[in-house]
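So you can see what is in the structure, the chains are spelled out below.
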Amino acid sequence: VEDESNSFMIATNGSGTQAKYNMGSGDFEGLCQADYGEQVVYVMVEGADQIREYDVSTYGSATLNNQWNISAYVPTSAGIGSEGITFVPNEWLLKEHFVDGNGAPYLSTNGMGGLMFVAHQNGGRVYAFDLDRTSSAFHFVGAYKTSRSESSGLEFDQSTGLLYVWHNTGPNYLEVTELSSY
């Protein structure tokens, strides 16, 4: 949260407990929210190639709600794995003419109201998944080429519909793309 001097500090609740969360072990790389009104975060765990959902509504306590193992769909090897994660709502998928890996229009059908996109270091592609929050089930939507061979960060701007892909290859590159890109 912002403090009085326009700097940032760790938020606290009424009893003084800081918003610090222990989520156990894992190589946590990316973090995002799907619904900004819900105190739930999604974390990308590199190496295990898991997307984890945590309830962070209680200060200082993170409760694992669900996890999805995407390892069968991403090319992790030799420590080069899944890193960035972001959520893209159906509204933008529709507006920007997003298509699945076969070129057909695709909107989430598993109840999240959008898709999770994952950036990968090995090959630089962005992978899309339609997660089911009631189970560990999901649908692999497709893999999408970027302009670089490595992608380490991913953010979606819900005010503009643009997807930002961070490439950490020698000099760092920031690629700005539309959802209609291949």
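In this text the structure is predicted, and so the values were computed from the model without any measurement.

Engineer: Which parts of the structure should I look at to understand the overall build of the protein chain?
Structural biologist: Counting its secondary structure elements, the protein chain contains one helix and 11 strands. Each helix (α) and strand (β) of the protein chain, taken in turn from the N terminus, gives the series β-β-β-β-β-α-β-β-β-β-β-β. Computed over its C-alpha atoms, the radius of gyration of the protein chain comes to 17 Å, within 12% of the 16 Å expected for a compact globule of 182 residues. Looking at the 182 residues of the protein chain, the share that counts as buried comes to 42%.

Engineer: When you look at the sheet that holds strand E11 (residues 172-177) in this model, what are you seeing that I'm missing?
Structural biologist: Think of a sheet as strands paired side by side through backbone hydrogen bonds, with each pair either parallel or antiparallel. Here we have three strands laid out as an open sheet, ordered E9-E10-E11, and antiparallel in their pairing. Bordering the open sheet on either side are strand E9 (153-157) and E11, each of which pairs with just one other strand. Adjacent strand axes in the sheet meet at a mean angle of 20 degrees, parallel and antiparallel pairs treated alike. Two elements, E9 and strand E10 (residues 162-168), share five bridges in a ladder whose sense is antiparallel. Across the sheet, Asp157 pairs through a bridge with Leu162, a residue of E10.

Engineer: Sorry, what's going on with the pairing of strand E6 (residues 114-120) here?
Structural biologist: Within a regular beta strand, the side chains point alternately toward one face of the sheet and then the other, so they alternate between its two faces. By the criterion of burial, E6 is predominantly enclosed, with seven of the seven residues buried. Where strand E5 (residues 82-89) and E6 come together, seven bridges link them in antiparallel fashion. Looking at the pairing, Ile85 lines up with Val118 of E6. In this structure, E6 lies alongside strand E7 (residues 126-131), joined through four bridges in antiparallel fashion. Of the residues in E7, the one forming a bridge with Met116 is Phe129. The turn joining E6 and E7, which pair antiparallel and follow one another in sequence, is formed by five residues; a positive phi near 100 degrees is taken by Gly123.

Engineer: I'm lost on the pattern of salt bridges in this one. Help?
Structural biologist: A side chain with one charge can pair with a side chain of the opposite charge if their charged atoms come near. Per the counting criterion, the structure on display carries two salt bridges. Across the pair Glu38 and Arg133 runs a salt bridge whose closest N-O atoms are separated by 3.1 Å. Placement of Glu38 in the loop between strand E1 (27-32) and strand E2 (40-46) and of Arg133 in the loop between E7 and strand E8 (138-144) is noted, with a sequence separation of 95 residues between them. By relative accessible area, Arg133 is classed as partly exposed at 31%. Its salt-bridge partner being Arg133, residue Glu53 comes within 2.6 Å of it at the nearest N-O pair. Placement of Glu53 in strand E3 (residues 50-58) and of Arg133 in the loop between E7 and E8 is noted, with a sequence separation of 80 residues between them. By relative accessible area, Glu53 is classed as buried at 2%. Salt bridges here are not isolated pairs; linked through shared partners, they connect Glu38, Glu53 and Arg133.

Engineer: Sorry if this is basic, but what is going on with the side chain of Thr86 here?
Structural biologist: Considering the arrangement of structural elements, one finds Thr86 in strand E5. Under the relative-accessibility criterion, Thr86 is labelled buried at 4%. There is a polar contact of 3.1 Å between the side chain of Thr86 and the backbone nitrogen of Phe156. Thr86 has contacts with Cys32, Leu115, Met116, Phe117, Leu154, Glu155, Phe156 and Leu163, leaving out every residue within four places of it along the chain.

So, how was this worked out
Residues numbered from 1 in each chain as written. Predicted model: local features only at pLDDT ≥ 70, side-chain atom pairs only at ≥ 80, totals over all residues. Heavy atoms only, no water. Helix = DSSP H or I, 4+ residues; strand = E, 2+ residues; numbered from the N terminus. Rg over C-alpha atoms; globule rule 2.2 N^0.38 Å. Buried < 20%, exposed > 50% of the residue type's maximum accessible area, 1.4 Å probe, protein only. Pairing = 2+ DSSP bridges. Axes fitted to C-alpha atoms, helices over the stretch in contact; angles between N-to-C directions. Salt bridge = Lys/Arg side-chain N within 4 Å of Asp/Glu carboxyl O. Polar contact = N/O pair within 3.5 Å; in protein donor to acceptor, adjacent residues only side chain to side chain. Contact = heavy atoms within 4.5 Å.

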